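# Survey of secondary and tertiary structure
Below, each chain spelled out in residue letters.
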Protein chains: 2
Amino acid sequence: MDLSLFFAGTGGSVPGARRGLPAILLRRGGDRLLFDCGEGTQRQLVRSVGLVDMECVFITHFHADHWLGLPGMLKSFALRERDQLLTVYGPRGLNELMGLMRSIYGRLPYELSIVELEPAQTVQRDGYLVAAVPVSHRAPSSFGYAIVEQPRPGHLDAQLAEQLGVKPGPDFGRLQRGESVDGVSPQQVMGPEREGRKVVLSGDTEPCEALAIAAHEADVLVHEATFTEEEADRARLTAHSTARQAAELARDAEVRLLALTHMSTRYAGGQLRDEARAVFAATEAPRDFDTIEVPFPERGPATLLRWSERQARERAATGEADEPAETVAMP
Amino acid sequence: MDLSLFFAGTGGSVPGARRGLPAILLRRGGDRLLFDCGEGTQRQLVRSVGLVDMECVFITHFHADHWLGLPGMLKSFALRERDQLLTVYGPRGLNELMGLMRSIYGRLPYELSIVELEPAQTVQRDGYLVAAVPVSHRAPSSFGYAIVEQPRPGHLDAQLAEQLGVKPGPDFGRLQRGESVDGVSPQQVMGPEREGRKVVLSGDTEPCEALAIAAHEADVLVHEATFTEEEADRARLTAHSTARQAAELARDAEVRLLALTHMSTRYAGGQLRDEARAVFAATEAPRDFDTIEVPFPERGPATLLRWSERQARERAATGEADEPAETVAMP
């Protein structure tokens, strides 16, 4: 089951030439969930992976740079006659905000479900859940989100199963799904349950204990890093984090990979990444359109895939000539 | 006095990979006026000419693709501590719309003036006016805008003035400003008044007589061309224009240059331009970030300057190495 994060916008507060406003598209199998939707998100998607019909949008908090792209995107879905349900989740106050947006996007030809979440409330999805993690920001109610997969069955000991008389093939599948086969129970041949993957997104926050707890041993923690330590006072004043603080939290929570986001336009990403890496080596600073792929742990660590690499890979896979992509050639 | 139009977004309804949502920045001398402000306009500016502190924003009508970039831009101005007045003009209903936006952008550290215009009302500026032209679209009240310069004084006949005893230098300036010098009156030595330049923007509209009248002999008419003739029914249904209709209007109004905009993402710009050129040869289809420069007529016709040419020209002027610009290299 593929799991990845696509960074549609890695800036914060104001858009820069290189970084759009916050939006992260999580894909798991056929599921697409969007986390935040800053102004211009629909176009960021159009210019990269396409404006996918995501099933859910999760808003972290109601500062405008995190949701102002939503009404236009809802409208664009309407113009192309979307007919499937879209669910928008967010903190208390979401209904009021969506009421304001409704006067922008008007009537929609698809069903829109609006769900206000309480802190720590979870949304069950097929094979995983999304939990609202209360974080500490200036907005009245601010969430990070933890995406947590259900545990997976353990490894099947194929040799042992065959010794007990089970034939490889469909019967192995039945054992893996928890059924007994010819008197052989799953407990006899299956190893211990394995933990699912966990991806945690901080939203906007100053260093926050609830988030550190939620992020414990996460495969990926995406944490805001609005400032460097030089601007630590400003970070404190605005309830944001420095790159160093994000790294300290990642280290203490023993996450496997830290990805920085919500980077102020005043910095090059490398500056923030280097500050974080001095504390926590497994840190990346994704650029817009980069992807983090999150394999099952036994298949290797989560890794950053640059947009240019991804395009090259996809061109190679489809046999297309190696030409500059449209998104590079356009103004 | 320089006069130019910068196309910050040439798409319509939904953003495409190559075309952002409607926004045109008019520069005249030190004045900067923005016409429409679709979602993502602030970033289009950041990525090209910079997010300039324009004095005025004129909204053509209240469909979301024409104004949804405004609250975020107002907020960005606030974050960088703008302190000069910003005036927003638009049709009746603007106050209500800005009330809705206020709940998005919050308190501003600069004065915001909101002015509802009646059809045909004019805004006087230093040396020119902006007139609201009622056009025909589905929004209850939709404007195009005509930017009309005051007439300029005629040519000074220098030879004649000297024969009459006026010395070249400051006294020539006084004659040009309408003062008599040593018994010589301006009427004796100045040619007839010359017309100022005129630029007309259609906003969204089906072919519209009021606009044709306003555009008579304009130096530049920027007219929407949402569709080709193949989609003429759809154009009629949605009260938009085809490229051919825009060209017919430009021809009948005897404009000097037609620039197409609000082009649907379904077309390459060349397709719309070619359809228009079959009727009216002096047609351009600007891409995002292109500029139209509008010199005084005696210095030549208005011309389209491609963004890449402009960058090359500016690099040459500043002596910078000829490297790919950031806006091309970025995702």
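These figures come from a predicted structure and were not determined experimentally.

### Digging into the state of the cysteines
Counted according to the given criterion, the structure contains 0 disulfides over all chains. In this structure B:Cys56 is not part of a disulfide, and its nearest cysteine sulfur, from B:Cys37, lies 13 Å away.

### What to know about the packing of aromatic side chains
Under the counting rule described, the total for this entry stands at 18 aromatic pairs over all chains. Between the aromatic rings of B:Phe6 and B:Trp307, the centroid separation amounts to 6.3 Å while the plane-to-plane angle is 70 degrees, which identifies the pairing as edge-to-face. Of this pair, B:Phe6 sits in strand 1 (residues 3-9) while B:Trp307 sits in helix 11 (residues 307-318); the two residues are 301 residues apart in sequence, bridging distant segments of the chain. When its relative accessible area of 9% is taken as the criterion, B:Trp307 is described as buried. Among the aromatic residues, those joined into a cluster by ring pairs are A:Phe35, A:Phe58, A:Tyr89, A:Phe143 and A:Tyr145. Here A:Arg82 stacks its cationic end above the ring of A:Phe77, 4.8 Å away from the centre of that ring.

### Focus on the interface of chain A and chain B
Contacts between the two partners involve 35 residues from chain A and, on the opposite side, 36 residues from chain B. For the pairing of chain A and chain B, the buried interface totals around 3100 Å² over both sides, and the portion due to carbon and sulfur atoms is 60%. Linking chain A with chain B are 2 salt bridges. Between A:Arg43 and B:Asp288 there is a salt bridge, and its shortest N-O distance comes to 3.9 Å. Where chain A packs against chain B, one counts 10 residue pairs in polar contact (both at pLDDT 80 or more). Among the secondary structure elements, those contributing two or more residues to the side of chain A that touches chain B are helix 1 (41-46), helix 2 (70-79), helix 3 (94-105) and helix 12 (326-329) of chain A. Broken down by element, the residue count for the side of chain A that touches chain B peaks at 5 residues, all from helix 1 of chain A. Among the residues forming the side of chain A that touches chain B, the class breakdown is 16 nonpolar, 12 polar and 7 charged.

### Description of the sheet that holds strand 5 (residues 86-90) of chain B
Pairing between the strands of a sheet comes from backbone hydrogen bonds, and it takes one of two forms, parallel or antiparallel. All names here are of chain B. Pairing is mixed in the open sheet, where 8 strands are placed in the order 6-5-4-3-2-1-14-15. The sheet is open, and its two edges are formed by strand 6 (112-116) and strand 15 (303-305), each paired on a single side. Neighbouring strand axes in the sheet, compared pairwise and without regard to direction, differ in orientation by 20 degrees on average. Relative to strand 2 (residues 23-28), strand 1 is paired through 6 bridges, and the arrangement is antiparallel. Along strand 2, the bridge assignment pairs Ser4 with Arg27.

### Details of the relation of the copies chain A and chain B
Mapping chain A onto chain B leaves a residual RMSD of 0.1 Å; the transformation is a rotation of 180 degrees accompanied by 0.1 Å of translation along its axis. The two molecules are tied by a two-fold rotation axis, judged by turn and shift. It is A:Gly40 whose C-alpha, among those of chain A, lies nearest the rotation axis, at 2.5 Å. A shared interface surface links the copies, since 100% of the contact residues of chain A are contact residues in chain B too.

### Re the sheet that holds strand 9 (residues 143-149) of chain B
Residue and element names in this part refer to chain B. Across the sheet, which stays open at both edges, the 7 strands sit in the order 7-8-9-10-11-12-13 with mixed pairing between neighbours. Looking at strand neighbours, the two that pair on one side only are strand 7 (122-125) and strand 13 (283-284), the edges of this open sheet. Across 4 bridges, the pairing between strand 9 and strand 10 (residues 198-201) is antiparallel. Looking at strand 10, one finds that Ala146 is bridged to Val200.

### Here's the deal with the packing of helix 2 (residues 70-79) of chain B against helix 3 (residues 94-105) of chain B
Residues and elements named next belong to chain B. Relative orientation of the contacting elements helix 2 and helix 3 amounts to 50 degrees, with a least axis distance of 9 Å. Classed by the angle they form, the pair helix 2 and helix 3 counts as oblique. For the pair helix 2 and helix 3, the crossing hand works out as right-handed. In this structure, helix 2 uses Leu70, Pro71, Leu74 and Lys75 to contact helix 3, whose residues at the interface are Met98, Met101, Ile104 and Tyr105.

### Overview of the domain arrangement of chain A
Residues and elements named next belong to chain A. Taken domain by domain, chain A consists of domain 1 (3-152 + 194-318) and domain 2 (153-193). Put simply, the middle of domain 1 and the middle of domain 2, counted by C-alpha atoms, are 39 Å apart. Counting the surface lost from both domain 1 and domain 2, the interface buries some 390 Å², and carbon and sulfur atoms represent 50% of this. For the domain 1 face of the interface with domain 2, the top three residues by lost area are Pro151, Arg152 and Arg194, together amounting to 95%. Taken together, domain 1 and domain 2 are joined by 0 salt bridges. Where domain 1 touches domain 2, the interface holds 3 residue pairs in polar contact (both at pLDDT 80 or more).

### What to know about the nonpolar core
With 66 residues, the main nonpolar core has A:Met54, A:Leu70, B:Met54 and B:Leu70 as its most contacted residues. In this structure A:Met54 touches A:Leu25, A:Arg32, A:Leu34, A:Leu45, A:Met73, A:Phe77, A:Arg82 and A:Leu86, once residues within four positions along its chain are discounted.

### Things to note about the pairing of strand 12 (residues 258-261) of chain B
Consecutive side chains of a regular strand alternate in pointing toward one face of the sheet and then the other. Residue and element names in this part refer to chain B. Residues Leu258 and Leu260 of strand 12 are buried on one face, and the alternating residues Ala259 and Thr261, pointing to the opposite face, are buried as well. Across 4 bridges, the pairing between strand 11 (residues 220-224) and strand 12 is parallel. Within strand 12, the residue paired with Leu221 across the bridge is Leu258. One ladder, built from 2 bridges, connects strand 12 with strand 13; its direction is parallel. Residue Leu258 lies in a different strand from strand 13, and its bridge partner there is Thr283.

### A few points about the environment of B:Asp157
Residues and elements named next belong to chain B. Mapped onto the fold, Asp157 is located in the loop between strand 9 and helix 4 (158-163). Using a relative accessible area of 37% as the deciding quantity, one classes Asp157 as partly exposed. Sequence separation of Asp157 and Gly191 is 34 residues, and the distance between their C-alpha atoms is 7.3 Å.

### Considering the environment of B:Arg287
Residue and element names in this part refer to chain B. Here Arg287 lies in the loop between strand 13 and strand 14 (291-293). For Arg287, a relative accessible area of 46% translates into the label partly exposed. For the pair Arg287 and Arg306, spaced 19 residues apart in the sequence, the C-alpha separation amounts to 7.7 Å. Setting aside anything within four residues of it in sequence, one finds Arg287 in contact with Phe7, Thr10, Arg19 and Arg306.

### Considerations on helix 9 (residues 243-252) of chain A
Residue and element names in this part refer to chain A. Considered for burial, the residues of helix 9 that qualify are Ala243, Ala246, Ala247, Leu249 and Ala250. Looking straight down helix 9, one finds that the buried residues subtend no more than 160 degrees of arc, so they occupy a single side. Those residues of helix 9 hidden inside the fold are in contact with helix 7 (209-214), strand 11 (220-224), strand 12 (258-261) and helix 10 (269-277). Following helix 9 by one or two positions, Glu254 has its phi on the positive side, about 55 degrees.

### Comments concerning the packing of helix 9 (residues 243-252) of chain B against helix 10 (residues 269-277) of chain B
Residues and elements named next belong to chain B. Following both chains from N to C, one finds helix 9 and helix 10 inclined at 40 degrees, their axes separated by 8 Å at the closest point. Viewed along their axes, helix 9 and helix 10 adopt a mutual orientation that is oblique. Every pair of crossing elements has a handedness; the one defined by helix 9 and helix 10 is right-handed. Touching Ala243, Arg244 and Ala247 of helix 9 are Leu272, Glu275 and Ala276, all from helix 10. Tallied by class, residues from the contact of helix 9 with helix 10 come to 4 nonpolar, no polar and 2 charged.

The rules behind each value
Within any chain, residue numbers begin from 1 and follow the written order of that chain's sequence. Lettering of chains starts at A and numbering of ligands starts at 1, both following the order in which they are written. For a predicted model such as this one, the threshold for reporting local features is a pLDDT of at least 70, and the threshold for listing and counting side-chain atom pairs is 80 or more; totals across whole chains, interfaces and linings nevertheless cover every residue. Side-chain descriptors were evaluated using all non-hydrogen atoms of the structure, hydrogens and water having been removed beforehand. Any cysteine sulfur atom paired with another within 2.5 Å is treated as part of a disulfide. Each Phe, Tyr or Trp ring (for Trp, its six-membered ring) is paired with any other whose centre lies within 6.5 Å, and the angle between the two planes then decides the class: stacked below 30 degrees, edge-to-face above 60, tilted in between. Numbered from the N terminus, helices here are DSSP runs of H or I no shorter than four residues, and strands are runs of E no shorter than two. Here's how the labels work: a residue is buried when its accessible area is under 20% of the maximum for its type, exposed when over 50%, partly exposed in between, all with a 1.4 Å probe on protein chains only. Charge-over-ring contacts are defined here by two conditions on Lys NZ or Arg CZ: a distance within 6 Å of the ring centre and an angle within 35 degrees of the ring normal. Note on contacts: a residue pair is in contact if any heavy atoms of the two residues lie within 4.5 Å. What gets called buried area is simply the loss in accessible area from a 1.4 Å probe that two parts show on being joined, summed for both. The salt bridge criterion pairs a side-chain nitrogen of Lys or Arg with a carboxyl oxygen of Asp or Glu, the two atoms within 4 Å. What qualifies as a polar contact is a pair of N or O atoms within 3.5 Å, subject to a donor-acceptor requirement within protein and to the restriction that residues adjacent in sequence count only when both atoms come from side chains. Gly falls in the polar group here, along with every residue not listed as nonpolar (Ala, Val, Leu, Ile, Met, Phe, Trp, Tyr, Cys, Pro) or charged (Asp, Glu, Lys, Arg). Any two strands with at least two DSSP bridges between them are considered paired. Angles run from 0 to 180 degrees between N-to-C directions of axes, and those axes are lines fitted to C-alpha atoms, restricted for helices to the stretch in contact. Copy-to-copy alignment: least squares on C-alpha atoms, limited to residues at pLDDT 70 or above in both. Here roughly perpendicular refers to angles of 65 to 115 degrees, roughly parallel to angles under 35, roughly antiparallel to angles over 145, and oblique to all remaining angles. The hand of a helix crossing depends on one turn: near helix anticlockwise from the far one by less than a right angle means left-handed, and clockwise means right-handed. Where each domain begins and ends follows an automated or database-derived domain assignment. Note on terminology: a nonpolar core comprises buried Ala, Val, Leu, Ile, Met, Phe, Trp, Tyr and Cys residues joined through side-chain atoms within 4.5 Å. Working note: the arc is built from the helix axis to C-beta atom directions.

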